[in-house]
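Geometric and topological summary
Listed below, chain by chain, are the residues.
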Amino acid sequence: GDVTTDLIAVKCPRCSKGLGVEVTRIRGVGGTIAVDCPVCGDPDVAVADRAFVVRALPAKPWDTRFG
């Protein structure tokens, strides 16, 4: 219960690529973390609060984890 991981889907406003964003939180640890688009480098395509690790991955058409 102290460690959670959420998966969310976002779309980059610059390149329109669908992204899967994985946010890991540890109770009592972390802060606000922004992540850039891994495809075109557009900054801050996703921002998570109380996060320990945030990573963005290009969504693959066959991957259903991100919506």
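Computed from a predicted model, the values in this text were never measured in an experiment.

In this section: the sheet that holds strand 2 (residues 18–26). Hydrogen bonds along the backbone pair up the strands of a sheet, which may run parallel or antiparallel. Strand order across the open sheet formed by three strands is 1-2-5, with antiparallel pairing between neighbours. The open sheet has two edge strands, strand 1 (3–11) and strand 5 (53–58), and neither has a second partner. Going across the sheet, the axis of each strand differs from the next one's by a mean of 20°, ignoring polarity. Of the strand pairs in this sheet, strand 1 and strand 2 are connected by nine bridges, and their pairing is antiparallel. Of the residues in strand 2, the one forming a bridge with Asp-6 is Val-23.

One face of the sheet, then the other: side chains in a regular strand alternate in exactly this way. Hairpin geometry of strand 1 and strand 2 is characterised by an intervening segment of six residues between the two adjacent antiparallel strands and by a positive phi of about 65° at Ser-16. Pairing analysis gives six bridges linking strand 2 to strand 5, with the strands arranged antiparallel. Residue pairing in the sheet places Val-23 in a bridge with Val-54 of strand 5.

Moving on: unusual backbone geometry. Backbone geometry places Ser-16, a non-glycine residue, at a positive phi of 65°. Following the sequence through the fold, Ser-16 ends up in the loop between strand 1 and strand 2. Of note in the backbone geometry, Arg-50 takes a positive phi value of approximately 55° without being a glycine. Within the element layout of this structure, Arg-50 appears in strand 4 (residues 46–51).

Another point: the side chain of Thr-24. By secondary structure assignment, the location of Thr-24 is in strand 2. Since its relative accessible area comes to 16%, Thr-24 is described here as buried. Residue contacts for Thr-24: discarding those within four places in its chain leaves Val-3, Thr-4, Thr-5, Ala-51, Phe-52 and Val-53.

Parameters at a glance
Every chain is numbered on its own, with residues counted from 1 as its sequence reads. The predicted origin of the model limits local features to residues at a pLDDT of at least 70 and limits the giving and counting of side-chain atom pairs to 80 or more, whereas totals for whole chains, interfaces and linings rest on all residues. Hydrogens and water are ignored here; the side-chain numbers use all heavy atoms of the structure. DSSP calls a pair of strands paired once it identifies at least 2 bridges connecting them. Strands here mean DSSP runs of E at least two residues long; helices mean DSSP runs of H or I at least four residues long; both are numbered from the N terminus. Only the stretch in contact is used when fitting a helix axis, every axis being a line fitted to C-alpha atoms; angles between N-to-C directions are given from 0 to 180 degrees. Burial classes: relative accessible area under 20% of the type maximum marks a residue as buried, over 50% as exposed, and values in between as partly exposed (1.4 Å probe, protein chains only). Throughout, a contact is declared for two residues whenever any of their heavy atoms are within 4.5 Å.

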